[in-house]
Amino acid sequence: MRQQDLEQLRKEVDGLNVKILDLINERTSLVKKIGKVKEKQGVNRYDPMREREMLNFLKEYNEGPLPNGILDEIFKGIFMSALEIQKDEEKNALLVSRKRKPEDTIVNVNGTKIGDGSQTFVFGPCAVESYEQVKAVAQSIKAKGLTMIRGGAYKPRTSPYDFQGLGLEGLKILRQVADEEGLQVVTEIVTPGHLEEALDYVDVVQIGARNMQNFELLKEAGMINKPVLLKRGMSATIDEFVKAAEYIIAKGNDQIILCERGIRTYETATRNTLDISAVPILKQETHLPVMVDVTHSTGRKDLLLPTAKAAIAVGADGVMAEVHPDPAVALSDAQQQMDIGEFDAFYEEIQRFMKNYATV
Ligand code: PEP
Ligand code: MN
């Protein structure tokens, strides 16, 4: 074959490539339209029966020279690409998605702003045990110029025989101490039934890891006019975490703080495995503030400081950690809570780190 002929044939192939591409794009647009109709009807976008029918039809129609096995591969690829595009579109259409709302959402807890570029710290005991216990921690928080206190009144425990929290009595203690010290209360609510009465005592409703997919609780939290701190489920993917937040925002409440608290992996050196890369991913994909709970993610006091530094370095909007005046006798999470002296040292070091970091 002459060089000229070869070039001519190549030109024809180039022309066909463009035509095929145009046709695939035309097909993609049509499939998108079908996807919209299916979405309105609430029908699943993926329809394997339909794909089978289309492939069978094409194979019957095919007169070659393309072998049917390769036809299968090519068209499966085309079908899959359309589905992938739609999945991407669905993700970008979420109300929590940064594609949908490019600016950061700033959560306002009675004047304390979370997600405004500064770092917010939430400290407090694992569980509320007594007025004196909460008071000691609150005074130490206040002395540092901080404004938030955490503490569980309803404790979701692995064993039903473990301390379950003081319930309403615990909320009252938190509120009283917080009012005396001028602090905001972050506390976990475990069931929609408790939400309404809790609102009188709480400034931020925490939804814990074990309840991240308690969809009724998420929906109810979406209807309150107080911020929600949503923790990542211990086996939840980032996608599941984001969609849990979507449940809340879909009901009208956009005051959501996401909290990475470690996930369960095969690693036993730490209580959970802190998924530090979840922070920038969540910051990129959503417009919500992201905090890191260094206590539950590590379960180790010696790792609180390094992981808190990592959280700040990677772009977290805040850090949560547990503090107890006498951790050895704590009714829950005794090994992982800082005492007041350790808390002072931790905070001093993290302040120093942030100052240095800011000047880098
Ligand atoms: C807590 O913060 O008190 C708690 C129980 O954490 P998690 O839900 O992340 O386990
Ligand atoms: Mn705890």
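On a predicted model such as this, the values are computed, not experimentally measured, just so you know.

Q: I would appreciate a short explanation of the coordination of the manganese ion (ligand 2) in the present structure.
A: Under ideal tetrahedral coordination, the four donors around a metal are separated by 109.5 degrees; under ideal octahedral coordination, the six donors are separated by 90 or 180 degrees. Every protein donor of the manganese ion (ligand 2) is listed here as Cys126 (SG), His296 (NE2), Glu322 (OE) and Asp333 (OD), and their distances to the metal cover 2.0 to 2.3 Å. For the manganese ion (ligand 2), the single-chain donor residues occur in sequence as C-x169-H-x25-E-x10-D. Of the two residues, Cys126 sits in the loop between strand S3 (120–124) and helix H4 (131–143) while Glu322 sits in strand S10 (residues 318–322), which places them 196 residues apart along the sequence. Exposure class is identical for Cys126 and Glu322. Each is buried.

Q: Got a minute to help me understand the pairing of S3 in this structure?
A: The side chains of a regular strand alternate between both faces of the sheet. Counting buried positions over the five residues of S3 gives five, a clear majority of the element. In S3, alternate side chains face the same way, and those of Thr120, Val122 and Gly124 on one face and Phe121 and Phe123 on the other are all buried. Pairing of S3 with S10 involves five bridges; the strand directions are parallel. Bridging from a neighbouring strand, Phe121 pairs with Val319 of S10.

Q: Even after reading the chapter, I still don't get the site of ligand 1, so can you show me in this structure?
A: Near ligand 1 you find Arg150, Lys155, Glu188, Gln206, Gly208, Ala209, Arg210, Lys231, Arg261 and His296, and these make up its full shell. One nitrogen or oxygen atom from the side chain of Arg150 is found 2.6 Å from an oxygen atom belonging to ligand 1. Arg261 is positioned such that a nitrogen or oxygen atom in its side chain is 2.6 Å from an oxygen atom of ligand 1. In isolation ligand 1 has 300 Å² of accessible area, and contact with the protein removes 96% of it. Among the residues making up the shell around ligand 1, the classes are represented as one nonpolar, three polar and six charged.

Q: Where do I start with the side chain of Lys38 in this structure?
A: Tracing the backbone through its elements, the reader meets Lys38 in helix H1 (residues 3–41). Of the side chains bearing the opposite charge, Asp47 lies closest to the buried Lys38, which forms no salt bridge; the N-O distance is 4.5 Å. Once residues lying within four places of it in the same chain are set aside, the contact partners of Lys38 are Val43, Asn44, Arg45 and Asp47.

Q: Help me out: how do you make sense of the pairing of strand S7 (residues 228–231) in this one?
A: Alternating residues of S7 divide into Val228 and Leu230 and Leu229 and Lys231, and every residue in both groups is buried. Inspection of the sheet shows strand S6 (residues 204–207) paired to S7 by three bridges, in the parallel sense. Within the sheet, the bridge partner assigned to Ile207 lies in S7 and is Leu230. You can see the chain leave S6, run along helix H7 (residues 215–221) and come back into S7, and the turn it takes is right-handed. Bridge count for S7 against strand S8 (residues 256–260) is four bridges, and the pairing is parallel. Across the sheet, residue Leu230 finds its bridge partner in S8, namely Leu258.

Rules behind the numbers
Residues numbered from 1 in each chain as written. Chains lettered and ligands numbered in written order. Predicted model: local features only at pLDDT ≥ 70, side-chain atom pairs only at ≥ 80, totals over all residues. Heavy atoms only, no water. Donors = N, O, S within 2.8 Å, 3.2 Å for Na, K, Ca; no water. Helix = DSSP H or I, 4+ residues; strand = E, 2+ residues; numbered from the N terminus. Buried < 20%, exposed > 50% of the residue type's maximum accessible area, 1.4 Å probe, protein only. Pairing = 2+ DSSP bridges. Near = heavy atom within 4 Å. Polar contact = N/O pair within 3.5 Å; in protein donor to acceptor, adjacent residues only side chain to side chain. Areas by Shrake-Rupley, 256 points an atom, 1.4 Å probe, with all protein chains shown as cover. Nonpolar A, V, L, I, M, F, W, Y, C, P; charged D, E, K, R; others polar. Lys, Arg positive; Asp, Glu negative; His and termini not counted. Salt bridge = Lys/Arg side-chain N within 4 Å of Asp/Glu carboxyl O. Contact = heavy atoms within 4.5 Å. Right-handed = clockwise from strand over helix to strand, strands pointing away.

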